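Chains, contacts and geometry: an overview
Letter by letter, the chains look like this.
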Amino acid sequence: TIQLYCLDNYECIRTINNAHSSFLWTLDLLQCDDKLCLVSAGEDKAIKIWDLDNYSEITTLHNDEGIVSMKVFMNNDQPCLATADNGGRINLWMT
């Protein structure tokens, strides 16, 4: 489950149930075209990109090992993801 909170009054404004089938390890924000997206990665070996306008899943990327860490960065104005997994591998994903 992913919960988003308003920082003005600390109330939950949205809950995304069943976001991952196992533990959620990390979250980050990603600029997708003209909108802001949420990226989640979990022990279920999935990296999911969520539309923050309607809270729907845009896509799922699959990894061979469970995700340990994830970082969003820009490469020549192109948003990218770097993930590290339990097998010691680092993957770069171009979005």
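Anything mentioned here points back to the structure above.
All of the points below concern the structure found in this document. (Residues numbered from 1 in each chain as written. Predicted model: local features only at pLDDT ≥ 70, side-chain atom pairs only at ≥ 80, totals over all residues. Heavy atoms only, no water.)

Topic: the overall build of the protein
Of the regular secondary structure elements, the protein holds 0 helices and 9 strands. Shown N-terminal to C-terminal, the secondary structure of the protein runs as helices and strands in the order β-β-β-β-β-β-β-β-β. The C-alpha atoms of the protein give 13 Å as radius of gyration, which agrees with the globular expectation for 95 residues (12 Å, within 12%). Overall, the protein is about 40 × 35 × 20 Å in size when its C-alpha atoms are taken along their principal axes. For the protein, the residues scored as buried account for 38% of the 95 residues in total. When contacts within the protein are restricted to residue pairs at least 6 apart in sequence, long-range pairs at least 24 apart make up 23% of them. When the accessible area of the protein is evaluated, it comes to approximately 6,000 Å², of which 47% is carbon and sulfur surface. With 6 positive and 14 negative side-chain charges, the protein shows a spacing of 5 Å between the two charge centroids. (Helix = DSSP H or I, 4+ residues; strand = E, 2+ residues; numbered from the N terminus. Rg over C-alpha atoms; globule rule 2.2 N^0.38 Å. Buried < 20%, exposed > 50% of the residue type's maximum accessible area, 1.4 Å probe, protein only. Contact = heavy atoms within 4.5 Å. Areas by Shrake-Rupley, 256 points an atom, 1.4 Å probe, with all protein chains shown as cover. Lys, Arg positive; Asp, Glu negative; His and termini not counted. Charge placed at Lys NZ, Arg CZ, Asp CG, Glu CD.)

Structural notes on the pattern of salt bridges
A complete count under the given rule lists 3 salt bridges for this structure. A salt bridge links Glu57 to Lys48, with the nearest nitrogen and oxygen atoms 3.7 Å apart. For Glu57, a relative accessible area of 37% gives the class partly exposed. The buried category is assigned to Lys48, whose relative accessible area is 13%. Residue Asp85 is joined to Arg89 by a salt bridge in which the shortest nitrogen-to-oxygen separation is 3.3 Å. Note on Asp85: relative accessible area 6%, which makes it buried. (Salt bridge = Lys/Arg side-chain N within 4 Å of Asp/Glu carboxyl O.)

Here's the deal with the sheet that holds strand E7 (residues 67–75)
Across the sheet, 3 strands lie side by side as E7-E8-E9; this open sheet has antiparallel pairing. Of all the strands in the sheet, the pair left with one neighbour each is E7 and strand E9 (90–94). If you compare each strand with its neighbour and ignore which way they point, the axes differ by 20° on average. Summarising the sheet, strand E8 (residues 78–85) and E9 pair through 5 bridges and their orientation is antiparallel. Directly across from Cys80, in E9, lies its bridge partner Met94. (Pairing = 2+ DSSP bridges. Axes fitted to C-alpha atoms, helices over the stretch in contact; angles between N-to-C directions.)

Observations concerning the sheet that holds strand E6 (residues 56–62)
Reading across the sheet, the 4 strands line up as E3-E4-E5-E6 and stay open at both edges, with antiparallel pairing between neighbours. A strand with exactly one partner marks an edge of an open sheet, and here the two such strands are strand E3 (24–32) and E6. Between one strand axis and the next, the sheet turns through 25° on average, direction left out of account. With 6 bridges connecting them, strand E5 (residues 46–51) and E6 associate as antiparallel partners.

Function-wise, these values are silent; they only describe arrangement.
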